[in-house]
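The lines below spell out each chain.
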Amino acid sequence: TDEEFAIYQILTENNAATEDLGDSVLKALAFELTDKLRKSAIINWQNRKVSRAKMNAMVKFFMKKYSYSADNEIEVTEKILTQAELLADEWAFEV
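Everything numeric here is computed off the predicted structure, so don't read it as measured data.

## Digging into the confidence of the model for the chain
1) Next: On average, the chain scores 83 in pLDDT, and the residues at 70 or more come to 88%.
2) Next: Per-element confidence in the chain ranges from a low mean pLDDT of 81 for helix α2 (residues 15–21) to a high of 91 for helix α1 (residues 2–11).

Structure follows, in structure tokens:
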């Protein structure tokens, strides 16, 4: 989906991670992250500190699960959360 591709692009900005993990692992990570973020979305979650903290922890969990490591891991996590925030209200109505 477009959402998965957006997350995938964020993950592939780090060339070292792309080389270490390979395209198929990064695609799987993007798919699983997008799926879990979509299922966890609530209306206006980006305005709630607790919900954002949970999403942040979820992103970090899946990055660790797939052995995704980057020098700019905090920046990558923030970009993924920002992307999810853009889609959160739409996703909340899908659940």
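From this point, things continue past the structure.
## Describing the packing of aromatic side chains
1) Next: Taken as a whole, this structure holds two aromatic pairs when the rule is applied.
2) Next: Look at F5 and Y8: their rings are 6.3 Å apart centre to centre, the planes differ by 25°, and that puts the pair in the stacked class. Highlighted residues: F5 and Y8, both in helix α1, separated by three residues, approximately one helical turn.
3) Next: Ring plane angle 80° and centroid distance 5.0 Å describe the contact between F61 and F62, whose orientation is recorded as edge-to-face.

## So, the packing of α1 against helix α3 (residues 23–40)
1) Next: Close contact between α1 and α3 brings their axes to 8 Å; oriented N to C, the two are set at 125°. The orientation of α1 relative to α3 falls into the category oblique. Note on packing geometry: the crossing formed by α1 with α3 is right-handed. In this structure, α1 contributes E3, E4, I7, Y8 and L11 to the contact, and α3 contributes D23, L26, K27, L29, A30, F31, L33, T34 and R38.
2) Next: When its residues are assigned to classes, the contact of α1 with α3 shows eight nonpolar, one polar and five charged.

## What about the pattern of salt bridges?
1) Next: A complete count under the given rule lists eight salt bridges for this structure.
2) Next: Between R52 and E85 there is a salt bridge, with its nearest N and O atoms 2.7 Å apart. Pair noted here: R52 is in helix α4 (residues 49–65) and E85 is in helix α5 (residues 73–92), with a separation of 33 residues, a long-range link.
3) Next: By relative accessible area, which is 21% here, R52 ends up partly exposed.

The rules behind these values
Residues numbered from 1 in each chain as written. Predicted model: local features only at pLDDT ≥ 70, side-chain atom pairs only at ≥ 80, totals over all residues. Heavy atoms only, no water. pLDDT = per-residue confidence, 0-100. Helix = DSSP H or I, 4+ residues; strand = E, 2+ residues; numbered from the N terminus. Phe/Tyr/Trp six-rings, centres within 6.5 Å; stacked < 30°, edge-to-face > 60°. Axes fitted to C-alpha atoms, helices over the stretch in contact; angles between N-to-C directions. Parallel < 35°, antiparallel > 145°, perpendicular 65-115°, else oblique. Left-handed = near helix turned anticlockwise from the far one by under 90°. Contact = heavy atoms within 4.5 Å. Nonpolar A, V, L, I, M, F, W, Y, C, P; charged D, E, K, R; others polar. Salt bridge = Lys/Arg side-chain N within 4 Å of Asp/Glu carboxyl O. Buried < 20%, exposed > 50% of the residue type's maximum accessible area, 1.4 Å probe, protein only.

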